[in-house]
Amino acid sequence: MVLNPKGGSGKSTVATNLASYYAQRGERVALADFDVQHCSLDWLAARPATSPPIHGFAVEDDDKLLIPHGPGYLIMDAPAGVHGKAMTRLVKKAHTLLIPVLPSPIDMRTTARFIEELLLVGKVERERTRIAVLANRVRENTLIYHALQRFLDSLGIPFLTHLRDTQNYIRAAECGIGLFEMAPAQVAHDLAQWQPLLDWLAGAQSLPREKE
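Residues numbered from 1 in each chain as written. Predicted model: local features only at pLDDT ≥ 70, side-chain atom pairs only at ≥ 80, totals over all residues. Heavy atoms only, no water.

## Some remarks on the environment of H162
Argument step 1. Mapped onto the secondary structure, H162 falls in strand β6 (residues 159–164).
Argument step 2. Classification of H162 as buried rests on a relative accessible area of 15%.
Argument step 3. H162 sits 62 residues away from P100 along the chain, and the two C-alpha atoms are 9.1 Å apart.
Argument step 4. One polar contact links H162 to Q193, side chain to side chain, over a distance of 3.4 Å. (Helix = DSSP H or I, 4+ residues; strand = E, 2+ residues; numbered from the N terminus. Buried < 20%, exposed > 50% of the residue type's maximum accessible area, 1.4 Å probe, protein only. Polar contact = N/O pair within 3.5 Å; in protein donor to acceptor, adjacent residues only side chain to side chain.)

Here's what the structure looks like:
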């Protein structure tokens, strides 16, 4: 599940590119869009028929989420503005939580409060649920980026990587594809930034799933 209570943090960008990555590897992939704006489903609607298939569906009521049977990956694009009991109910549906953070003071403060709520109010149990953060839309060698690095390092949960601010994500979104389906020479630097995240996710697959 990709989540952050603040809108515009890049949840859909992370979710769709993850779905693209697993699909192009030949895996069975489902993309659940919880957000009312349905950005992930809009991306999927633009996806070429010749691209590896991804099954997408909207989730209007998270109590009625039907997880597909069999092996594969379920990527969940969570809605913005979720707190309290709604957040607790939502995060229990995932065994891996990714929190993208933008390099801005407002986003950092919002994320700090959210993570505290996630661990205390949400009662996320780390032995059953893995949590990590990543920096999104980063311009390296800026003062705010270095402040973001220090902030993420202070949270006490893994800070996996940073994704740079590049037109490659916009081009991919327009075409309904992911970076992993673009010309390697065009996105080599971006793919290198994704590798720590993919390595961490590969280690998350051994975690037990909570029974519904």
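And the narrative resumes.
## A closer look at the sheet that holds strand β4 (residues 96–101)
Argument step 1. If you walk across this open sheet you meet the three strands as β4-β5-β6, and the pairing is parallel. Among the strands making up the open sheet, the edge pair consists of β4 and β6. The sheet shows a mean angle of 25° between the axes of neighbouring strands, taken without regard to direction.
Argument step 2. As paired strands, β4 and strand β5 (residues 130–138) are joined by six bridges and run parallel to one another. Across the sheet, the residue bridging to I99 is V133, located in β5.
Argument step 3. Packing of helix α1 (residues 11–24) onto the sheet brings it into contact with β4, β5 and β6, and relative to β4 it is tilted by some 130°. (Pairing = 2+ DSSP bridges. Axes fitted to C-alpha atoms, helices over the stretch in contact; angles between N-to-C directions. Contact = heavy atoms within 4.5 Å.)

## With respect to the pattern of salt bridges
Argument step 1. Within the structure shown, the criterion is met by three salt bridges.
Argument step 2. Here E27 and R25 are joined by a salt bridge, their closest N and O atoms 4.0 Å apart. (Salt bridge = Lys/Arg side-chain N within 4 Å of Asp/Glu carboxyl O.)

## Focus: the sheet that holds strand β2 (residues 55–58)
Argument step 1. What the three strands build is an open sheet, ordered β2-β1-β3; its pairing is parallel. Strands at the two margins of the open sheet, each flanked by one partner only, are β2 and β3 (73–77). Here the strands of the sheet are splayed against their neighbours by 20° on average, with no regard to which way each runs.
Argument step 2. Where strand β1 (residues 29–33) meets β2, four bridges bridge the pair, whose relative direction is parallel. Paired with L31 across the two strands is G56, which belongs to β2.
Argument step 3. Packed onto the sheet, α1 meets β1 and β3 and runs at close to 165° relative to β3.

## Quick look at unusual backbone geometry
Argument step 1. A positive phi angle is found at H38, which is not glycine, with a value near 55°.
Argument step 2. Topologically, H38 is positioned in the loop between β1 and α2 (39–45).
Argument step 3. At R137, a residue that is not glycine, the phi angle is positive and equals roughly 55°.

## Some details on the confidence of the model for the chain
Argument step 1. In this model, the chain carries an average pLDDT of 84, and 88% of its residues clear a pLDDT of 70 or more.
Argument step 2. Every residue in residues 206–212 scores below 50 in pLDDT, and together they form 15 contacts with partners more than four places removed in sequence or on other chains. (pLDDT = per-residue confidence, 0-100.)

## Points about the pairing of β5
Argument step 1. Of all nine residues in β5, seven are buried, a share of seventy percent or more.
Argument step 2. Bridge count between β5 and β6: three bridges; the pairing is parallel. In the sheet register, A135 faces β6, and the bridge partner there is H162.

## A look at the packing of aromatic side chains
Argument step 1. One pass over the full model with this rule turns up four aromatic pairs.
Argument step 2. Taking 3.8 Å as the distance between ring centres and 10° as the angle between the ring planes, the aromatic pair formed by Y22 and Y73 counts as stacked. Taken as a pair, Y22 in helix α1 and Y73 in strand β3 lie far apart in primary sequence, 51 residues in all.
Argument step 3. Relative to W194, the ring of F180 lies with its centre 5.6 Å away and its plane at 80°, an arrangement referred to as edge-to-face. Of this pair, F180 sits in the loop between α6 (167–175) and α7 (184–204) while W194 sits in helix α7, and the two are 14 residues apart along the sequence. With respect to class, F180 is no different from W194; both count as buried.
Argument step 4. Every member of this aromatic cluster is reached through a ring pair, and the members are Y21, Y22, Y73, F180 and W194. (Phe/Tyr/Trp six-rings, centres within 6.5 Å; stacked < 30°, edge-to-face > 60°.)

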